[in-house]
Structure formats: C-alpha cells, structure tokens
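Residue strings, one per chain:
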Amino acid sequence: MRRRKQDKPNHVDAVLQLIDMQLMIGAQKKFKVHSFEAFRLEATFAMNRSQLDVARDIVGDDWGLMTRMLVRKGLIEIPEKGPAQVTSKGARFLAIYSNPIFKN
C-alpha cells in the first residue's frame, strides 16, 4: 500500500479556506460591517470584557460613533440597564462570519 506524501498540498483544504473567506467578505458586504465592527460584535456577543476594553482603547474617541452606527444598522441594542446586546440581525451576521467551514 502506498502512502501519500505529507508535503503535497491539500487542495480541498485550500478550497474550504477560500470559501470561508468569501463567506466572511459576503457577510461583511451584506450587513455593511467593517472588520473592526465585527471584532466588537464578537466581543459583545461573548460578553468578553477584556476584548471590549482592548477595542475601546484602540477606537478611542470614536467609540460612541461606532456604537451609534451599530445601533443604526440594527446589529446591537442598548437596553435601559446593562451592557449593549447583539440583536438577532447581529447574531445572524456572526453565525456566518465567525463559523468557518475549514477547521485547522
């Protein structure tokens, strides 16, 4: 029985990675979300305080503007009490954007 050489590229993996990239780009275009907004949505959805703090430090004075843009796009909502929450539309975006087909 012949063994397959390990140094040959796996074309199926490359195709799956390409499909993942196309899905991510397509989701960003459809929902009109920029990469950094996607990062913030992921942190908001996961309730990851340290990731949100890093994002806030990077965005700086534009944090309020980003929040208003995400609310206007219907991706997050600001409840009367508590932190921002991802809407169902934001969750649909994250389902496409954050769940790759190709897993290393």
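So, here's what we can say about the structure. Keep in mind that this is a model prediction, so the values were computed, not measured.

**Section: the overall build of the chain**
Next, step 1: The helix and strand tally for the chain stands at 5 helices and 2 strands.
Next, step 2: Put simply, the chain runs from its N terminus to its C terminus through helices and strands in the order α-α-α-α-β-β-α.
Next, step 3: For the chain, long-range pairs separated by at least 24 residues make up 56% of all intrachain contacts whose partners lie at least 6 apart in sequence.
Next, step 4: In the structure as shown, the chain presents an accessible area of about 7,900 Å², 57% of it carried by carbon and sulfur atoms.

**Some details on the pattern of salt bridges**
Next, step 1: By the definition in use, this model includes 2 salt bridges.
Next, step 2: When the shortest N-O distance is used, the salt bridge between Glu37 and Lys73 registers 2.9 Å. Here Glu37, found in helix H2 (residues 35-46), pairs with Lys73, found in the loop between helix H4 (63-72) and strand E1 (76-77); they are 36 residues apart in sequence, far enough to count as distant.
Next, step 3: Exposure remark for Glu37: the relative accessible area of 7% places this residue in the buried category.
Next, step 4: With a shortest N-O distance of 3.9 Å, Arg56 and Asp53 are connected by a salt bridge. Linking Arg56 with Asp53, this pair stays in helix H3 (residues 49-59), spanning 3 residues, or about one helical turn.
Next, step 5: The class for Arg56 is partly exposed, based on a relative accessible area of 34%.

**Concerning the side chain of Thr87**
Next, step 1: Assignment of secondary structure puts Thr87 in the loop between strand E2 (85-86) and helix H5 (88-97).
Next, step 2: For Thr87, a relative accessible area of 15% translates into the label buried.
Next, step 3: Every residue in contact with Thr87, bar those within four places of it in the chain, is listed here: Gly74, Leu75, Ile76 and Glu77.

**Quick look at a nonpolar patch on the surface**
Next, step 1: There is a patch of nonpolar side chains on the surface, built from Val15, Ile19, Leu23, Ile96 and Ile101 and spanning about 380 Å² of accessible area.
Next, step 2: With 3 residues, helix H1 (residues 11-31) is the largest single contributor of residues to the nonpolar patch.
Next, step 3: Along the polypeptide, Leu23 turns up in helix H1.
Next, step 4: With a relative accessible area of 40%, Leu23 lands in the partly exposed category.

**What to know about the packing of aromatic side chains**
Next, step 1: Scanning the entire structure with this criterion turns up 3 aromatic pairs.
Next, step 2: Pairing Phe36 with Phe39 gives two aromatic rings, centres 5.4 Å apart and planes at 35°, and the pair type is tilted. Of this pair, Phe36 and Phe39 both sit in helix H2, 3 residues apart, roughly one helical turn.
Next, step 3: Taking the relative accessible area as the measure of exposure, Phe39 reaches 25% and is therefore partly exposed.
Next, step 4: Taking the centre distance of 5.0 Å and the plane angle of 20° together, the rings of Phe93 and Tyr97 count as stacked. You can see Phe93 and its partner Tyr97 sitting in helix H5, 4 residues apart, about one turn around the helix.

Procedures and definitions
- Residues numbered from 1 in each chain as written.
- Predicted model: local features only at pLDDT ≥ 70, side-chain atom pairs only at ≥ 80, totals over all residues.
- Heavy atoms only, no water.
- Helix = DSSP H or I, 4+ residues; strand = E, 2+ residues; numbered from the N terminus.
- Contact = heavy atoms within 4.5 Å.
- Areas by Shrake-Rupley, 256 points an atom, 1.4 Å probe, with all protein chains shown as cover.
- Salt bridge = Lys/Arg side-chain N within 4 Å of Asp/Glu carboxyl O.
- Buried < 20%, exposed > 50% of the residue type's maximum accessible area, 1.4 Å probe, protein only.
- Patch = residues over 30% accessible without salt bridge, like charges linked within 9 Å, V, L, I, M, F, W, Y side chains within 5 Å.
- Phe/Tyr/Trp six-rings, centres within 6.5 Å; stacked < 30°, edge-to-face > 60°.

Read these as layout, nothing more, since geometry by itself doesn't imply function.
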